[in-house]
Amino acid sequence: MTKMLLTGVLLALSGADAVKVGVLLPLTGPGSVSGQAAKNGYLLALDEINRAGGVLGQPLEVVFADDGSSPAKAVPEFVRLVTVDKVDFMAGGVSSATSVAISGPAKQYGTFMAWIGAAATPVEDAFADHKYFFHYHPWSYYNFEAILDYFKYLKRTHQAKNIAIAYEDGPFGSAGINDTIAAFKKAGFNVVMSEKFKTGSGNFGPLVSKAKAAKPDIFYWVGYDTDALPLATEIKQQNLDVGLIYGTPPSWPVGFEKNPLADHIAGLSLWLPASPQPESRKFVAAYRKKFGNVTEEYFAPLAYVNLKTLAAAINRAGSTDKDKVAAELAKTNVDTPFGRLTFSKSLKTQYQGFKAGNWLHFQFLNDARVPVYPIKFAQKPMVWNK
(Lines give C-alpha, C1' and ligand atoms only; values in the text may rest on other atoms or scores of the structure.)
Protein backbone atom coordinates (compact mmCIF):
# COMPACT_ATOMS: atom_id res chain seq x y z
CA MET A 1 0.00 0.00 0.00
CA THR A 2 2.80 2.40 0.96
CA LYS A 3 4.62 1.58 -2.25
CA MET A 4 1.50 2.30 -4.32
CA LEU A 5 0.95 5.65 -2.60
CA LEU A 6 4.59 6.59 -3.01
CA THR A 7 4.47 5.71 -6.68
CA GLY A 8 1.42 7.92 -7.11
CA VAL A 9 3.12 10.84 -5.32
CA LEU A 10 6.26 10.51 -7.39
CA LEU A 11 4.27 10.45 -10.61
CA ALA A 12 2.32 13.54 -9.57
CA LEU A 13 5.50 15.40 -8.62
CA SER A 14 7.21 14.48 -11.88
CA GLY A 15 4.26 15.72 -13.92
CA ALA A 16 4.11 12.37 -15.73
CA ASP A 17 1.39 12.28 -18.35
CA ALA A 18 -1.04 9.42 -18.83
CA VAL A 19 -0.21 7.05 -21.67
CA LYS A 20 -2.38 7.74 -24.72
CA VAL A 21 -3.36 5.22 -27.35
CA GLY A 22 -4.89 6.51 -30.56
CA VAL A 23 -7.42 4.15 -32.15
CA LEU A 24 -8.27 4.59 -35.83
CA LEU A 25 -11.43 2.72 -36.85
CA PRO A 26 -14.15 2.81 -39.54
CA LEU A 27 -16.96 4.02 -37.29
CA THR A 28 -18.88 5.04 -40.42
CA GLY A 29 -18.79 3.78 -44.00
CA PRO A 30 -18.59 0.25 -45.45
CA GLY A 31 -16.53 -1.19 -42.59
CA SER A 32 -18.51 0.38 -39.76
CA VAL A 33 -19.93 -2.91 -38.41
CA SER A 34 -16.37 -4.08 -37.78
CA GLY A 35 -15.37 -0.65 -36.49
CA GLN A 36 -18.19 -0.34 -33.98
CA ALA A 37 -17.60 -3.88 -32.73
CA ALA A 38 -13.92 -3.09 -32.30
CA LYS A 39 -14.71 0.11 -30.41
CA ASN A 40 -16.75 -1.87 -27.89
CA GLY A 41 -13.87 -4.31 -27.48
CA TYR A 42 -11.48 -1.43 -26.78
CA LEU A 43 -13.86 0.12 -24.26
CA LEU A 44 -14.23 -3.17 -22.41
CA ALA A 45 -10.46 -3.65 -22.30
CA LEU A 46 -9.96 -0.04 -21.18
CA ASP A 47 -12.31 -0.58 -18.23
CA GLU A 48 -10.44 -3.70 -17.13
CA ILE A 49 -6.99 -2.14 -17.58
CA ASN A 50 -7.86 0.93 -15.53
CA ARG A 51 -9.59 -1.09 -12.81
CA ALA A 52 -6.37 -3.07 -12.51
CA GLY A 53 -4.24 0.04 -12.00
CA GLY A 54 -3.88 1.50 -15.46
CA VAL A 55 -0.60 1.88 -17.31
CA LEU A 56 2.60 3.13 -15.68
CA GLY A 57 0.65 4.10 -12.58
CA GLN A 58 -2.03 6.18 -14.27
CA PRO A 59 -5.33 5.53 -16.04
CA LEU A 60 -4.77 4.66 -19.67
CA GLU A 61 -6.32 7.11 -22.17
CA VAL A 62 -7.77 6.05 -25.52
CA VAL A 63 -8.53 8.59 -28.26
CA PHE A 64 -10.83 7.31 -31.01
CA ALA A 65 -10.90 8.62 -34.57
CA ASP A 66 -13.18 7.66 -37.47
CA ASP A 67 -11.47 6.90 -40.78
CA GLY A 68 -14.85 6.51 -42.49
CA SER A 69 -13.46 3.50 -44.38
CA SER A 70 -11.90 6.15 -46.64
CA PRO A 71 -8.17 6.65 -47.34
CA ALA A 72 -8.81 10.36 -47.92
CA LYS A 73 -10.21 10.67 -44.40
CA ALA A 74 -7.87 8.20 -42.72
CA VAL A 75 -4.65 10.11 -43.46
CA PRO A 76 -5.57 13.44 -41.83
CA GLU A 77 -7.16 11.63 -38.87
CA PHE A 78 -4.02 9.58 -38.38
CA VAL A 79 -1.80 12.65 -38.58
CA ARG A 80 -4.04 14.52 -36.13
CA LEU A 81 -3.83 11.72 -33.57
CA VAL A 82 -0.05 11.63 -33.82
CA THR A 83 0.74 15.35 -34.02
CA VAL A 84 -2.15 17.13 -32.26
CA ASP A 85 -3.39 14.57 -29.74
CA LYS A 86 0.19 13.33 -29.38
CA VAL A 87 -0.73 9.73 -28.76
CA ASP A 88 2.08 7.44 -27.65
CA PHE A 89 0.86 4.41 -29.59
CA MET A 90 -1.59 3.69 -32.40
CA ALA A 91 -4.05 0.80 -32.51
CA GLY A 92 -7.04 -0.17 -34.64
CA GLY A 93 -6.86 -0.40 -38.39
CA VAL A 94 -9.62 -2.47 -40.03
CA SER A 95 -9.50 -1.47 -43.70
CA SER A 96 -6.63 -2.49 -45.97
CA ALA A 97 -7.06 0.54 -48.24
CA THR A 98 -6.87 3.03 -45.35
CA SER A 99 -3.91 1.19 -43.83
CA VAL A 100 -1.92 1.39 -47.05
CA ALA A 101 -2.74 5.10 -47.24
CA ILE A 102 -1.37 5.86 -43.76
CA SER A 103 1.79 3.80 -44.17
CA GLY A 104 3.72 6.86 -45.37
CA PRO A 105 3.00 9.10 -42.38
CA ALA A 106 3.33 6.12 -40.01
CA LYS A 107 6.90 5.57 -41.14
CA GLN A 108 7.59 9.30 -41.32
CA TYR A 109 6.65 9.76 -37.65
CA GLY A 110 8.03 6.38 -36.54
CA THR A 111 4.62 5.52 -35.11
CA PHE A 112 4.23 2.41 -32.99
CA MET A 113 1.29 0.47 -34.47
CA ALA A 114 -0.61 -2.47 -32.97
CA TRP A 115 -2.95 -3.28 -35.86
CA ILE A 116 -6.02 -5.52 -35.67
CA GLY A 117 -7.18 -5.81 -39.28
CA ALA A 118 -6.01 -4.85 -42.77
CA ALA A 119 -5.27 -8.36 -44.05
CA ALA A 120 -4.44 -7.60 -47.70
CA THR A 121 -0.88 -8.25 -48.84
CA PRO A 122 -0.34 -4.63 -50.05
CA VAL A 123 -0.53 -3.67 -46.34
CA GLU A 124 2.17 -6.21 -45.55
CA ASP A 125 4.27 -4.78 -48.38
CA ALA A 126 3.72 -1.23 -47.12
CA PHE A 127 4.84 -2.01 -43.56
CA ALA A 128 7.53 -4.59 -44.32
CA ASP A 129 10.32 -2.20 -43.29
CA HIS A 130 8.52 -0.62 -40.30
CA LYS A 131 10.06 -1.96 -37.09
CA TYR A 132 7.15 -0.87 -34.88
CA PHE A 133 4.35 -2.66 -36.73
CA PHE A 134 2.57 -5.48 -34.88
CA HIS A 135 -0.13 -7.25 -36.89
CA TYR A 136 -2.71 -9.30 -34.97
CA HIS A 137 -5.09 -10.36 -37.77
CA PRO A 138 -4.01 -13.18 -40.10
CA TRP A 139 -2.79 -11.98 -43.49
CA SER A 140 -4.99 -12.85 -46.46
CA TYR A 141 -2.79 -15.81 -47.44
CA TYR A 142 -3.40 -17.32 -43.98
CA ASN A 143 -7.11 -16.72 -44.50
CA PHE A 144 -6.97 -18.41 -47.87
CA GLU A 145 -5.01 -21.33 -46.44
CA ALA A 146 -7.93 -21.98 -44.08
CA ILE A 147 -10.51 -21.56 -46.86
CA LEU A 148 -8.64 -23.89 -49.21
CA ASP A 149 -8.51 -26.55 -46.50
CA TYR A 150 -12.29 -26.32 -46.08
CA PHE A 151 -12.96 -26.41 -49.81
CA LYS A 152 -10.73 -29.50 -50.16
CA TYR A 153 -12.90 -31.11 -47.51
CA LEU A 154 -15.98 -30.22 -49.59
CA LYS A 155 -14.34 -31.72 -52.66
CA ARG A 156 -13.76 -34.98 -50.79
CA THR A 157 -17.20 -35.17 -49.19
CA HIS A 158 -19.49 -33.50 -51.76
CA GLN A 159 -17.52 -33.74 -55.02
CA ALA A 160 -17.33 -29.92 -55.15
CA LYS A 161 -15.04 -29.05 -58.04
CA ASN A 162 -16.37 -25.94 -59.78
CA ILE A 163 -15.86 -22.56 -58.10
CA ALA A 164 -17.26 -19.18 -59.17
CA ILE A 165 -15.39 -16.20 -57.65
CA ALA A 166 -16.74 -12.68 -57.15
CA TYR A 167 -14.39 -10.11 -55.60
CA GLU A 168 -14.52 -6.40 -54.79
CA ASP A 169 -12.21 -4.22 -56.87
CA GLY A 170 -10.24 -2.67 -53.96
CA PRO A 171 -7.13 -4.02 -52.19
CA PHE A 172 -9.17 -6.29 -49.92
CA GLY A 173 -10.72 -8.26 -52.76
CA SER A 174 -8.30 -7.80 -55.64
CA ALA A 175 -4.89 -8.27 -54.01
CA GLY A 176 -3.61 -11.73 -54.84
CA ILE A 177 -6.67 -12.77 -56.86
CA ASN A 178 -4.45 -14.34 -59.53
CA ASP A 179 -2.63 -16.35 -56.86
CA THR A 180 -5.99 -17.40 -55.42
CA ILE A 181 -7.16 -18.70 -58.79
CA ALA A 182 -3.85 -20.50 -59.34
CA ALA A 183 -4.05 -22.12 -55.89
CA PHE A 184 -7.59 -23.36 -56.52
CA LYS A 185 -6.53 -24.85 -59.84
CA LYS A 186 -3.46 -26.47 -58.31
CA ALA A 187 -5.72 -28.09 -55.68
CA GLY A 188 -7.81 -29.66 -58.46
CA PHE A 189 -10.69 -27.16 -58.67
CA ASN A 190 -12.14 -25.64 -61.82
CA VAL A 191 -12.49 -21.84 -61.56
CA VAL A 192 -15.51 -21.41 -63.82
CA MET A 193 -15.90 -17.66 -63.19
CA SER A 194 -13.79 -14.82 -61.80
CA GLU A 195 -15.62 -11.49 -61.74
CA LYS A 196 -14.92 -8.24 -59.89
CA PHE A 197 -17.52 -5.81 -58.57
CA LYS A 198 -17.71 -2.36 -56.99
CA THR A 199 -18.32 -2.71 -53.27
CA GLY A 200 -21.43 -0.92 -52.07
CA SER A 201 -22.89 -0.62 -55.58
CA GLY A 202 -25.61 -3.22 -54.99
CA ASN A 203 -25.59 -4.07 -58.69
CA PHE A 204 -25.12 -7.83 -58.80
CA GLY A 205 -27.58 -8.79 -61.55
CA PRO A 206 -25.08 -9.38 -64.39
CA LEU A 207 -22.58 -11.04 -62.06
CA VAL A 208 -25.09 -13.58 -60.71
CA SER A 209 -26.39 -14.25 -64.23
CA LYS A 210 -22.85 -15.09 -65.29
CA ALA A 211 -22.42 -17.35 -62.27
CA LYS A 212 -25.69 -19.12 -63.04
CA ALA A 213 -24.50 -19.90 -66.55
CA ALA A 214 -21.18 -21.23 -65.17
CA LYS A 215 -22.94 -23.82 -62.97
CA PRO A 216 -20.58 -23.71 -59.95
CA ASP A 217 -20.63 -26.01 -56.94
CA ILE A 218 -19.32 -23.21 -54.72
CA PHE A 219 -19.99 -19.49 -55.10
CA TYR A 220 -17.13 -17.71 -53.32
CA TRP A 221 -17.28 -13.94 -52.80
CA VAL A 222 -14.89 -11.46 -51.21
CA GLY A 223 -16.34 -8.08 -50.24
CA TYR A 224 -17.75 -6.05 -47.36
CA ASP A 225 -20.84 -6.25 -45.17
CA THR A 226 -22.66 -3.76 -47.40
CA ASP A 227 -22.49 -6.31 -50.24
CA ALA A 228 -23.96 -9.26 -48.35
CA LEU A 229 -27.68 -8.46 -48.50
CA PRO A 230 -27.93 -7.20 -52.12
CA LEU A 231 -25.85 -10.16 -53.31
CA ALA A 232 -27.95 -12.66 -51.34
CA THR A 233 -31.11 -10.99 -52.69
CA GLU A 234 -29.94 -11.30 -56.29
CA ILE A 235 -28.90 -14.93 -55.78
CA LYS A 236 -32.39 -15.70 -54.43
CA GLN A 237 -34.17 -13.83 -57.21
CA GLN A 238 -32.23 -15.62 -59.91
CA ASN A 239 -32.46 -18.96 -58.10
CA LEU A 240 -28.75 -19.71 -58.37
CA ASP A 241 -28.35 -23.49 -58.03
CA VAL A 242 -25.20 -23.90 -55.95
CA GLY A 243 -24.02 -26.26 -53.23
CA LEU A 244 -22.58 -23.56 -51.01
CA ILE A 245 -22.42 -19.76 -50.96
CA TYR A 246 -19.29 -18.74 -49.09
CA GLY A 247 -18.49 -15.12 -48.21
CA THR A 248 -15.51 -13.49 -46.51
CA PRO A 249 -16.52 -9.97 -45.43
CA PRO A 250 -14.67 -8.70 -42.34
CA SER A 251 -18.11 -8.43 -40.70
CA TRP A 252 -21.67 -9.29 -41.67
CA PRO A 253 -24.57 -6.83 -41.58
CA VAL A 254 -26.18 -6.36 -38.17
CA GLY A 255 -29.10 -8.77 -37.91
CA PHE A 256 -28.20 -10.60 -41.13
CA GLU A 257 -28.55 -13.96 -39.39
CA LYS A 258 -32.27 -13.24 -38.80
CA ASN A 259 -32.94 -12.68 -42.50
CA PRO A 260 -34.19 -15.77 -44.38
CA LEU A 261 -31.83 -14.81 -47.20
CA ALA A 262 -28.91 -15.69 -44.92
CA ASP A 263 -29.99 -19.33 -44.57
CA HIS A 264 -27.11 -21.73 -45.32
CA ILE A 265 -24.66 -19.02 -46.39
CA ALA A 266 -21.24 -19.86 -44.97
CA GLY A 267 -18.28 -17.76 -43.94
CA LEU A 268 -15.08 -17.41 -42.02
CA SER A 269 -14.58 -16.05 -38.52
CA LEU A 270 -11.68 -15.88 -36.09
CA TRP A 271 -14.15 -16.25 -33.24
CA LEU A 272 -17.76 -16.96 -32.37
CA PRO A 273 -19.53 -16.63 -29.00
CA ALA A 274 -19.69 -20.43 -28.94
CA SER A 275 -15.90 -20.74 -29.18
CA PRO A 276 -14.84 -23.25 -26.52
CA GLN A 277 -11.72 -21.51 -25.13
CA PRO A 278 -11.98 -20.48 -21.45
CA GLU A 279 -10.84 -16.95 -22.34
CA SER A 280 -13.67 -16.73 -24.85
CA ARG A 281 -16.23 -17.59 -22.18
CA LYS A 282 -14.73 -14.92 -19.90
CA PHE A 283 -14.89 -12.36 -22.70
CA VAL A 284 -18.53 -13.20 -23.49
CA ALA A 285 -19.53 -12.80 -19.84
CA ALA A 286 -17.69 -9.49 -19.47
CA TYR A 287 -19.07 -8.14 -22.77
CA ARG A 288 -22.63 -9.08 -21.81
CA LYS A 289 -22.25 -7.43 -18.41
CA LYS A 290 -21.01 -4.15 -19.92
CA PHE A 291 -23.19 -3.90 -23.04
CA GLY A 292 -26.21 -6.05 -22.21
CA ASN A 293 -25.80 -8.29 -25.25
CA VAL A 294 -23.25 -10.48 -27.01
CA THR A 295 -21.67 -9.64 -30.34
CA GLU A 296 -20.82 -12.18 -33.01
CA GLU A 297 -18.23 -9.89 -34.62
CA TYR A 298 -14.71 -11.11 -33.98
CA PHE A 299 -13.29 -7.58 -34.16
CA ALA A 300 -14.68 -7.00 -30.67
CA PRO A 301 -12.54 -9.64 -28.92
CA LEU A 302 -9.66 -8.89 -31.30
CA ALA A 303 -9.64 -5.22 -30.22
CA TYR A 304 -9.96 -6.32 -26.60
CA VAL A 305 -6.89 -8.56 -26.90
CA ASN A 306 -5.06 -5.83 -28.81
CA LEU A 307 -5.35 -3.20 -26.08
CA LYS A 308 -4.83 -5.62 -23.19
CA THR A 309 -1.61 -7.00 -24.63
CA LEU A 310 -0.31 -3.56 -25.61
CA ALA A 311 -0.99 -2.20 -22.10
CA ALA A 312 0.71 -5.23 -20.52
CA ALA A 313 3.78 -4.73 -22.71
CA ILE A 314 4.03 -1.04 -21.76
CA ASN A 315 3.80 -1.93 -18.07
CA ARG A 316 6.49 -4.59 -18.43
CA ALA A 317 8.71 -2.11 -20.31
CA GLY A 318 8.24 0.42 -17.52
CA SER A 319 8.13 3.30 -19.99
CA THR A 320 6.76 4.40 -23.36
CA ASP A 321 10.13 3.91 -25.05
CA LYS A 322 9.13 2.29 -28.36
CA ASP A 323 12.06 -0.10 -28.55
CA LYS A 324 11.48 -1.35 -25.01
CA VAL A 325 7.74 -1.76 -25.58
CA ALA A 326 8.34 -3.54 -28.91
CA ALA A 327 10.72 -5.95 -27.19
CA GLU A 328 8.11 -6.73 -24.53
CA LEU A 329 5.16 -7.02 -26.90
CA ALA A 330 7.23 -9.40 -29.05
CA LYS A 331 7.47 -11.72 -26.01
CA THR A 332 3.66 -11.98 -25.69
CA ASN A 333 2.53 -15.51 -24.95
CA VAL A 334 -1.02 -15.48 -23.61
CA ASP A 335 -4.30 -17.35 -23.92
CA THR A 336 -7.00 -15.35 -25.70
CA PRO A 337 -10.57 -15.92 -26.98
CA PHE A 338 -8.92 -17.08 -30.23
CA GLY A 339 -6.38 -19.42 -28.68
CA ARG A 340 -2.78 -18.67 -27.74
CA LEU A 341 -1.24 -15.44 -29.03
CA THR A 342 2.45 -15.19 -29.84
CA PHE A 343 4.26 -13.08 -32.42
CA SER A 344 6.56 -14.44 -35.12
CA LYS A 345 7.69 -13.41 -38.59
CA SER A 346 5.26 -13.50 -41.51
CA LEU A 347 6.49 -13.48 -45.10
CA LYS A 348 7.49 -9.82 -44.87
CA THR A 349 6.77 -8.35 -41.43
CA GLN A 350 8.56 -8.99 -38.16
CA TYR A 351 5.62 -9.34 -35.79
CA GLN A 352 2.65 -11.43 -36.89
CA GLY A 353 0.10 -12.73 -34.39
CA PHE A 354 -2.74 -15.06 -35.41
CA LYS A 355 -2.42 -17.34 -38.42
CA ALA A 356 -4.41 -19.90 -40.45
CA GLY A 357 -5.05 -22.31 -37.58
CA ASN A 358 -7.17 -19.76 -35.69
CA TRP A 359 -9.99 -19.60 -38.25
CA LEU A 360 -13.43 -21.17 -37.88
CA HIS A 361 -15.91 -21.84 -40.70
CA PHE A 362 -19.56 -21.26 -39.90
CA GLN A 363 -22.93 -21.45 -41.61
CA PHE A 364 -26.04 -19.38 -40.93
CA LEU A 365 -28.44 -21.96 -39.48
CA ASN A 366 -31.59 -21.30 -37.45
CA ASP A 367 -30.92 -17.56 -37.09
CA ALA A 368 -27.37 -18.06 -35.81
CA ARG A 369 -23.79 -18.50 -36.96
CA VAL A 370 -23.01 -22.15 -36.27
CA PRO A 371 -19.45 -23.58 -36.45
CA VAL A 372 -19.33 -26.37 -39.04
CA TYR A 373 -15.57 -26.79 -39.70
CA PRO A 374 -13.00 -27.88 -38.55
CA ILE A 375 -15.03 -30.93 -37.67
CA LYS A 376 -13.72 -31.02 -34.09
CA PHE A 377 -15.37 -27.62 -33.50
CA ALA A 378 -18.56 -28.30 -35.52
CA GLN A 379 -21.79 -27.91 -33.55
CA LYS A 380 -24.08 -29.03 -36.38
CA PRO A 381 -23.60 -30.73 -39.76
CA MET A 382 -23.15 -28.34 -42.67
CA VAL A 383 -26.05 -28.02 -45.13
CA TRP A 384 -25.04 -28.68 -48.74
CA ASN A 385 -27.71 -27.38 -51.14
CA LYS A 386 -27.04 -29.39 -54.27
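No experiment lies behind these values; they were computed from the predicted model shown.

*Asks:* Summarise the overall build of the chain; cite the residues concerned and give the values.
*Replies:* Looking only at helices and strands, the chain features 13 helices and 15 strands. Against the 2.2 N^0.38 benchmark of 21 Å for 386 residues, the chain shows a C-alpha radius of gyration of 21 Å, consistent with a compact globule. Out of the 386 residues belonging to the chain, those deemed buried represent 54%. Contacts spanning at least 24 positions in sequence make up 69% of the contacts within the chain whose residues lie at least 6 apart. Of the roughly 16,000 Å² of accessible surface on the chain, 53% is carried by carbon and sulfur atoms.

*Asks:* Residue-level account of the nonpolar core, with values.
*Replies:* Among soluble globular proteins, nonpolar side chains are generally buried collectively. Within the largest apolar cluster, 83 residues are counted, with the highest numbers of intra-cluster contacts made by Tyr150, Phe151, Leu154 and Tyr220. Top element by residues in this core is helix H12 (residues 299-317). It accounts for 12 residues. Core analysis: the next-biggest nonpolar cluster, separate from the first, contains 24 residues, Phe197, Leu207, Phe219 and Trp252 among them.

*Asks:* How would you explain the layout of surface pockets if you had to name every residue and give the values?
*Replies:* Quantified by volume, the largest pocket comes out at close to 560 Å³. Lining of the largest pocket is provided by 33 residues; of these, Ser140, Tyr141, Asn143, Phe144 and Phe172 occupy positions nearest its centre. When residues in the lining of the largest pocket are grouped by element, the largest group, six residues, is from helix H6 (residues 140-158). Here the residues of the lining of the largest pocket are counted per class, giving 20 nonpolar, 11 polar and two charged. Roughly 380 Å³ of volume is contained in the second largest pocket. Listed by contribution, the elements that provide at least two residues to the lining of the second largest pocket are helix H10 (225-237) and strand S9 (244-247). Of all the elements, H10 adds the most residues to the lining of the second largest pocket, at three residues. A breakdown of the residues in the lining of the second largest pocket according to their chemical character gives nine nonpolar, four polar and three charged.

*Asks:* Tell me what's going on with the packing of aromatic side chains, and back it up with residues and numbers.
*Replies:* What the rule picks out here adds up to 37 aromatic pairs. Between Trp252 and Phe362 the ring centres are 6.2 Å apart and the planes differ by 75 degrees, which places this aromatic pair in the edge-to-face class. Here the residue Trp252 occupies a position in the loop between S9 and strand S10 (266-269), and Phe362 occupies one in strand S14 (residues 360-365), the gap between them amounting to 110 residues. For Trp252, a relative accessible area of 2% gives the class buried. Residue classification places Phe362 among the buried positions, given a relative accessible area of 0%. Between Tyr287 and Phe291, the aromatic rings sit 4.6 Å apart at their centres with planes inclined by 45 degrees, giving tilted as the arrangement. Remark: Phe291 and Tyr287 occur in helix H11 (residues 278-291); sequence separation between them is four residues, near one turn of the helix. Judged by relative accessible area, which is 26%, Phe291 ranks as partly exposed. A network of ring pairs unites the aromatic residues Phe144, Tyr150, Phe151, Tyr153, Phe184, Phe189, Tyr220, Tyr246 and Tyr373 as a single cluster. For the cation-ring pair, Lys39 lies above Phe64, with the distance from its terminal atom to the ring centre recorded as 5.2 Å.

*Asks:* Can you break down the confidence of the model for the chain residue by residue, with the values?
*Replies:* Averaged over all residues, the pLDDT of the chain is 92; the fraction at 70 or higher stands at 96%. Within the model, the stretch residues 1-15 combines pLDDT values under 50 with four contacts to residues more than four positions away or in other chains.

*Asks:* How would you sum up the side chain of His137? Please name residues and give values.
*Replies:* In this fold, His137 is placed in the loop between strand S5 (133-135) and H6. In this structure the side chain of His137 is engaged in a polar contact, spanning 2.8 Å, whose partner is the side chain of Tyr298. If we skip the residues at most four places from it in the chain, His137 touches Trp115, Ile116, Gly117, Ala119, Asn143, Leu270, Tyr298, Phe299, Leu302, Gln352, Phe354 and Trp359.

*Asks:* Outline the pattern of salt bridges, listing residues and values.
*Replies:* Throughout the structure, instances matching the rule amount to 16 salt bridges. Here Lys348 ties to Asp125 by a salt bridge, and the two come within 2.5 Å at their closest N and O atoms. Of this pair, Lys348 sits in the loop between strand S12 (339-341) and strand S13 (351-352) while Asp125 sits in helix H5 (residues 121-126), and the two are 223 residues apart along the sequence. Accessibility expressed as a relative area gives 46% for Lys348, which makes it partly exposed.

*Asks:* So, unusual backbone geometry: which residues are in play, and what are the values?
*Replies:* Pro374 follows Tyr373 through a cis peptide bond whose omega is 0 degrees. Tracing the chain through its elements places Pro374 in the segment after strand S15 (368-373). For Lys86, which is not glycine, the phi torsion reads 55 degrees and is therefore positive. Examined against the element boundaries, Lys86 turns out to sit in the loop between helix H3 (71-83) and strand S3 (89-92). The phi angle at Ala118 is positive, at roughly 55 degrees, despite the residue not being glycine. Overall, Ala118 belongs to the buried group, its relative accessible area being 2%.

*Asks:* Give me the sheet that holds S9: which residues, what numbers.
*Replies:* Pairing is mixed across the open sheet formed by seven strands, whose spatial order is S7-S6-S8-S9-S10-S14-S15. Unpaired on one side and paired on the other, strand S7 (190-197) and S15 mark the two borders of the sheet. Geometrically, the sheet is characterised by an average inter-axis angle of 25 degrees between neighbouring strands, direction not taken into account. For strand S6 (residues 162-168) and strand S8 (residues 218-222), the ladder comprises five bridges, and the chain directions are parallel. Along S8, the bridge assignment pairs Ile163 with Ile218.

Each value, and the rule that gives it
- Residues numbered from 1 in each chain as written.
- Predicted model: local features only at pLDDT ≥ 70, side-chain atom pairs only at ≥ 80, totals over all residues.
- Heavy atoms only, no water.
- Helix = DSSP H or I, 4+ residues; strand = E, 2+ residues; numbered from the N terminus.
- Rg over C-alpha atoms; globule rule 2.2 N^0.38 Å.
- Buried < 20%, exposed > 50% of the residue type's maximum accessible area, 1.4 Å probe, protein only.
- Contact = heavy atoms within 4.5 Å.
- Areas by Shrake-Rupley, 256 points an atom, 1.4 Å probe, with all protein chains shown as cover.
- Core = buried A, V, L, I, M, F, W, Y, C linked by side-chain atoms within 4.5 Å.
- 1 Å grid on protein atoms, 1.4 Å probe; cavity = no way out; pocket = protein on both sides within 12 Å on 5 of 7 lines; lining within 4 Å.
- Points joined across faces, edges and corners; volume = space filled by probe spheres on them.
- Nonpolar A, V, L, I, M, F, W, Y, C, P; charged D, E, K, R; others polar.
- Phe/Tyr/Trp six-rings, centres within 6.5 Å; stacked < 30°, edge-to-face > 60°.
- Lys NZ or Arg CZ within 6 Å of the ring centre and 35° of its normal.
- pLDDT = per-residue confidence, 0-100.
- Polar contact = N/O pair within 3.5 Å; in protein donor to acceptor, adjacent residues only side chain to side chain.
- Salt bridge = Lys/Arg side-chain N within 4 Å of Asp/Glu carboxyl O.
- Pairing = 2+ DSSP bridges.
- Axes fitted to C-alpha atoms, helices over the stretch in contact; angles between N-to-C directions.

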